[in-house]
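Fold and geometry: a report
Residues per chain are reported as follows:
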Amino acid sequence: ENLVVTLNELNTPPRDLFLFRPNSSRAYIVIGTQFCWAIKSEECENMQPIHPNDKEAPNYTLEFLRIAANEEIHIEVDTLNGPEVVPYPTRIEAYIYDKNNNLHLHEAIEITGSHFVFTAPSKPDSYTFLFKAYYEGNVEGISYHPHGILVTSAN
């Protein structure tokens, strides 16, 4: 309980995510623009995501990862920076905003560790993704990590 209070009082952000293509030397940092820490993650369920282009959104420049259709998208959790007490996600869901800014689940991945693998959409287009991370354990919670993905034709 004290740890949850401390994280909230200090407004401690979640760990950054690194987004990259397989065999690429470039990783994109995906910060958590919204987050909630609680004793039980259900307490965070009422937090609604804010579209990155919304005027209410945290100040954040949406970058775009360029990737081929159906290629693997890798996400690595930052294990080096930030206080050790900040939890690691146990599950990440990848959502895509449609043209009306409604969210649609693309893929959900559960893991033990710090590496997640998603599949890029099959249709070439520019997508605004929202990665929703869930935390379980001594500290629970939810965080939202937006990032753009530009899907090109398969190689």
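Details of the structure are given in the entry above.
Keep in mind the model is a prediction, meaning the values are calculated, not measured.

**Quick look at the packing of aromatic side chains**
One pass over the full model with this rule turns up five aromatic pairs. Each ring, one from phenylalanine 35 and one from tryptophan 37, has its centre 6.3 Å from the other, and the planes form 45 degrees; the classification is tilted. Given the relative accessible area of 22%, phenylalanine 35 is considered partly exposed. You can call tryptophan 37 buried: its relative accessible area is 3%. Ring centres of phenylalanine 118 and phenylalanine 131 lie 5.7 Å apart, and the angle between their planes is 50 degrees; on these two criteria the pair is classed as tilted. Here phenylalanine 118 is found in strand β8 (residues 115-119), whereas its partner phenylalanine 131 is found in strand β9 (residues 125-135), with 13 residues between them in sequence. Exposure class is identical for phenylalanine 118 and phenylalanine 131. Each is buried. Three or more aromatic residues link up through ring pairs in this structure, and these residues are Phe118, Tyr127, Phe129 and Phe131. Lying over the aromatic face of tyrosine 28, arginine 26 brings its terminal NZ or CZ to 4.0 Å of the ring centre. We note arginine 91 situated over the ring of tyrosine 134; from NZ or CZ to the ring centre the distance is 3.7 Å.

**Notes on the layout of surface pockets**
Considering only enclosed or pocket space, the largest pocket measures out at about 220 Å³ in volume. Lining the largest pocket are His51, Asn53, Ile96, Tyr97, Asp98, Lys99, Asn101, His104, Asp125, Ser126, Tyr127 and Thr128. Counting residues per element, the ones that place at least two in the lining of the largest pocket are β6 (91-97) and β9. Considering each element in turn, the lining of the largest pocket owes the most residues, four residues, to β9. Taken together, the residues that form the lining of the largest pocket break down as three nonpolar, six polar and three charged.

**Some remarks on the sheet that holds β8**
Spatial strand order, β2-β1-β5-β8: four strands in an open sheet with antiparallel pairing. The strands lining the two open edges of the sheet, one partner per strand, are β2 (28-30) and β8. Geometrically, the sheet is characterised by an average inter-axis angle of 30 degrees between neighbouring strands, direction not taken into account. One ladder, built from five bridges, connects strand β5 (residues 72-77) with β8; its direction is antiparallel. Considered in β8, the bridge of isoleucine 75 is made with phenylalanine 116.

**As for the state of the cysteines**
Using the criterion set out here, one finds one disulfide in the structure. Each sulfur of the disulfide joining cysteine 36 and cysteine 44 lies 2.1 Å from the other. Sign of the S-S torsion, about -75 degrees for the bond between cysteine 36 and cysteine 44, identifies this disulfide as left-handed. You'll find cysteine 36 and cysteine 44 in the same group, each marked buried.

**Remarks on the side chain of lysine 132**
Examined against the element boundaries, lysine 132 turns out to sit in strand β9. In terms of polar contacts, lysine 132 uses its side chain to reach the side chain of tyrosine 134, at 3.1 Å. Residue contacts for lysine 132: discarding those within four places in its chain leaves Glu45, Arg91, Ile92, Glu93, Tyr95, Ile142, Ser143 and Tyr144.

**What to know about the pairing of β9**
Within β9, nine of the eleven residues are buried, which leaves it mostly tucked inside the rest of the structure. Bridge count for β6 against β9 is seven bridges, and the pairing is antiparallel. Paired with tyrosine 95 across the two strands is leucine 130, which belongs to β9. The pairing of β9 with strand β10 (residues 140-152) spans eleven bridges and is antiparallel. Along β10, the bridge assignment pairs threonine 128 with glycine 148. Counted between consecutive antiparallel strands, the loop separating β9 from β10 contains four residues, among which glycine 137 sits at a positive phi close to 130 degrees.

Thresholds applied
Residues numbered from 1 in each chain as written. Predicted model: local features only at pLDDT ≥ 70, side-chain atom pairs only at ≥ 80, totals over all residues. Heavy atoms only, no water. Phe/Tyr/Trp six-rings, centres within 6.5 Å; stacked < 30°, edge-to-face > 60°. Buried < 20%, exposed > 50% of the residue type's maximum accessible area, 1.4 Å probe, protein only. Helix = DSSP H or I, 4+ residues; strand = E, 2+ residues; numbered from the N terminus. Lys NZ or Arg CZ within 6 Å of the ring centre and 35° of its normal. 1 Å grid on protein atoms, 1.4 Å probe; cavity = no way out; pocket = protein on both sides within 12 Å on 5 of 7 lines; lining within 4 Å. Points joined across faces, edges and corners; volume = space filled by probe spheres on them. Nonpolar A, V, L, I, M, F, W, Y, C, P; charged D, E, K, R; others polar. Pairing = 2+ DSSP bridges. Axes fitted to C-alpha atoms, helices over the stretch in contact; angles between N-to-C directions. Disulfide = S-S within 2.5 Å. Polar contact = N/O pair within 3.5 Å; in protein donor to acceptor, adjacent residues only side chain to side chain. Contact = heavy atoms within 4.5 Å.

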